Amino acid sequence: MQKADLPEDEETRLSTLQSLDILDSIEDKAYDDITKIAAQICGTPIALVSLIDQNRQWFKSHHGLSARETPRDYAFCSHAILEKQIFEVMDSRLDDRFHDNPLVTNDPHVIFYAGFPLTVNEHRMGTLCVIDDKPNALNPTQLEALEALGRQIEFLLQSRLTNKKLNERNKTLKKLSAIDPLTNIANRRTLFATLETEFKRSLRKRTPLSLILIDIDDFKKYNDHYGHLKGDACLKSVAKGLQDVLHRPGDLIARYGGEEFIYVLPDTNKAGAAKVAEFALKAIQDLKLVHVASSCAANITISIGISTTLDGEEASTNKILIDQADQALYKAKSNGKNQFQAYLQ
């Protein structure tokens, strides 16, 4: 038995195969219909869509054969992907490359083989092949049909790759539409969508929902003194510091606008929100961002307002919840800044 040489483009070929995300996927009628037709036209008991992985050939479709894969070293298709046209072996028992191949001497007794190499992005992934357990040869009509059916498999594979890239691009665009480009945290659109969902859930399950409104103290003075580039850097650092405070998957931090941020804290009562506010104050203090123009400290500080639904009792609307947090924030500012205050219902 002679093992097939590796294709010259083996590394990029395997990379393309992996990008298809098709190996070990479930059976697909679109492929199975084609192998069934191929077997009928070519008069063979077996027809396969075989994909050549690093150490195996794996069958996306396996008409007339129960196995889903075999070692690559035994694969006739490993030889077929080295060709540009249909690779045909009329009687493997008479061929030095295959006569002692385990797939020839044992089940499924591959005596006749014809495989059309399947190309995606100029790399051959595997074959559409037909197999018989006795000598055979395809006539010109059968060869033409096998090639036409192979092109249909190529179309399915290329479409799969294109759709995957489109889905990945759409996910990226969706993520970008939900993120504030400067601070890389959730934007207002995501904030209001999340708040609406969590507000309704709070009412339905009668669980508390807390909102924490955060404002950087004397940020206009910071911008005026240090410039807008430094101001942007400050916003990024504060956003990161605030984000690091949150550890639960359901909690959200968003940029509300300008130098204001909001925490949305599901299943969090007023005491729990106060703890988060304390951590947030300390996190920003620990940044030690110098602010010589501040009216309350030598470094950047924040003021915080907290509002909480009362054990799921309706605050009327989520907008009122924000207004209540804003009132508490105003009180924190009026009391000297660098502190938190909770709205008193």
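Look up: the structure comes first, before these words.
These numbers were taken from a predicted model, which means no experiment stands behind them.

> Please provide a residue-by-residue account of the overall build of the protein chain, values included.
Within the protein chain, the secondary structure is distributed over ten helices and eleven strands. The C-alpha atoms of the protein chain give a radius of gyration of 33 Å, which is well past the 20 Å a tight globule of 345 residues would have. The C-alpha extent of the protein chain, read off along each of the three principal axes, is 95 × 45 × 30 Å. Out of the 345 residues belonging to the protein chain, those deemed buried represent 47%. Sequence-distant contacts, at least 24 apart, represent 66% of the contacts inside the protein chain between residues at least 6 apart. Accessible area of the protein chain: about 17400 Å², with a carbon and sulfur share of 51%. One way to put it: in the protein chain the 43 positive side-chain charges average out to a point 9 Å from where the 48 negative ones average out.

> Can you explain the pattern of salt bridges? Please cite residues and give values.
Throughout the structure, instances matching the rule amount to 23 salt bridges. Between Arg56 and Asp24 there is a salt bridge, with its nearest N and O atoms 2.9 Å apart. In this pair, Arg56 is assigned in strand β2 (residues 56–63) and Asp24 in the loop between α1 (10–20) and α2 (29–42), connecting sequence segments 32 residues apart. For Arg255, the salt bridge goes to Asp180, with nearest N and O atoms at 3.3 Å. In this pair, Arg255 is assigned in strand β8 (residues 252–257) and Asp180 in the loop between α5 (140–178) and α6 (188–205), connecting sequence segments 75 residues apart.

> Run through the side chain of Thr268, naming residues and quoting values.
Structurally, Thr268 is set in the loop between β9 (260–266) and α9 (270–287). With relative accessibility at 6%, the residue Thr268 sits in the buried group. At 2.7 Å, the side chain of Thr268 and the side chain of Arg248 are in polar contact. Looking at Thr268, its side chain comes within polar contact range of the main-chain oxygen of Leu265, at 3.4 Å. With near-sequence residues (within four places) excluded, Thr268 lies in contact with Pro208, Leu209, Ser210, Arg248, Ala273 and Thr308.

> Account for the layout of surface pockets, with residues named and values stated.
Its boundaries defined by the atoms lining it, the largest pocket holds a volume of some 200 Å³. Residue composition of the lining of the largest pocket, by class: seven nonpolar, two polar and three charged. Taken as a whole, the second largest pocket holds about 160 Å³ of empty space. As for the second largest pocket, its lining consists of Lys3, Ala4, Asp5, Leu6, Gln54, Asn55, Pro71, Arg72, Asp73 and Ser78.

> Account for the sheet that holds β9, naming residues and giving values.
Here we have five strands laid out as an open sheet, ordered β8-β9-β7-β10-β11, and mixed in their pairing. With partners counted over all chains shown, the strands left at the sheet margins are β8 and β11 (340–342), one partner each. Averaged over neighbouring strand pairs, the angle between their axes works out to 20° when direction is ignored. Along the sheet, α6 makes contact with β7 (209–216), β8 and β9, crossing β8 at roughly 125°. In the packing of helix α10 (residues 318–334) onto the sheet, the strands contacted are β7, β8, β9, β10 (302–308) and β11, and the crossing angle to β10 comes to about 140°.

> Break down the packing of aromatic side chains for me, citing the residues and quoting the values.
Taken as a whole and assessed by the stated rule, the structure comprises seven aromatic pairs. Centre to centre, the rings of Phe87 and Phe98 are 6.4 Å apart; their planes meet at 65°, and the pair counts as edge-to-face. Here Phe87 is found in strand β4 (residues 87–89), whereas its partner Phe98 is found in the loop between β4 and α4 (102–105), with eleven residues between them in sequence. Three or more aromatic residues link up through ring pairs in this structure, and these residues are Phe76, Phe87, Phe98 and Tyr113.

> Talk me through the sheet that holds β4; I want residue IDs and the actual numbers.
Ordered in space as β3-β2-β1-β6-β5-β4, the six strands form an open sheet in which the pairing is antiparallel. Sheet topology places β3 (69–71) and β4 at the edges, where each strand pairs with a single neighbour. Taken pair by pair, the neighbouring strands of this sheet meet at an average axis angle of 25°, ignoring direction. Inspection of the sheet shows strand β5 (residues 112–120) paired to strand β6 (residues 123–132) by nine bridges, in the antiparallel sense.

> Which residues make up the nonpolar core, and what values do they have?
Counting 29 residues, the largest nonpolar core has Ile212, Leu242, Phe261, Tyr263, Ile302 and Ile304 as the members making the most contacts within it. When contributions to this core are tallied by element, the ones reaching two or more residues are β7, α7 (219–226), α8 (228–243), β9, α9 and β10. Sort the elements by how many residues they give to this core and α9 lands first, with seven residues. If we ignore the near neighbours within four places in the chain, the residues touching Ile302 are Ile214, Asp215, Ile216, Asp217, Leu242, Ala280, Leu281, Ile284, Asn338 and Gln339. Judged by nonpolar contacts, the second largest core, of 28 residues, contains Leu14, Phe112, Leu146 and Leu149.

> Got a sec to walk through the pairing of strand β1 (residues 46–52)? Specific residues and values, please.
Of all seven residues in β1, seven are buried, a share of seventy percent or more. In this structure, β1 lies alongside β2, joined through six bridges in antiparallel fashion. Looking across to β2, one finds that Ala47 is bridged to His63.

> Could you give an account of the pairing of β5, naming the residues involved and the relevant values?
Extensive coverage of β5 is indicated by the burial of eight of its nine residues. Pairing between β4 and β5: three bridges, direction antiparallel. Residue Phe87 lies in a different strand from β5, and its bridge partner there is Gly115. The turn linking β5 back onto β6 is made up of two residues, and Asn121 within it adopts a positive phi angle of 50°.

Rules used throughout
Residues numbered from 1 in each chain as written. Predicted model: local features only at pLDDT ≥ 70, side-chain atom pairs only at ≥ 80, totals over all residues. Heavy atoms only, no water. Helix = DSSP H or I, 4+ residues; strand = E, 2+ residues; numbered from the N terminus. Rg over C-alpha atoms; globule rule 2.2 N^0.38 Å. Buried < 20%, exposed > 50% of the residue type's maximum accessible area, 1.4 Å probe, protein only. Contact = heavy atoms within 4.5 Å. Areas by Shrake-Rupley, 256 points an atom, 1.4 Å probe, with all protein chains shown as cover. Lys, Arg positive; Asp, Glu negative; His and termini not counted. Charge placed at Lys NZ, Arg CZ, Asp CG, Glu CD. Salt bridge = Lys/Arg side-chain N within 4 Å of Asp/Glu carboxyl O. Polar contact = N/O pair within 3.5 Å; in protein donor to acceptor, adjacent residues only side chain to side chain. 1 Å grid on protein atoms, 1.4 Å probe; cavity = no way out; pocket = protein on both sides within 12 Å on 5 of 7 lines; lining within 4 Å. Points joined across faces, edges and corners; volume = space filled by probe spheres on them. Nonpolar A, V, L, I, M, F, W, Y, C, P; charged D, E, K, R; others polar. Pairing = 2+ DSSP bridges. Axes fitted to C-alpha atoms, helices over the stretch in contact; angles between N-to-C directions. Phe/Tyr/Trp six-rings, centres within 6.5 Å; stacked < 30°, edge-to-face > 60°. Core = buried A, V, L, I, M, F, W, Y, C linked by side-chain atoms within 4.5 Å.

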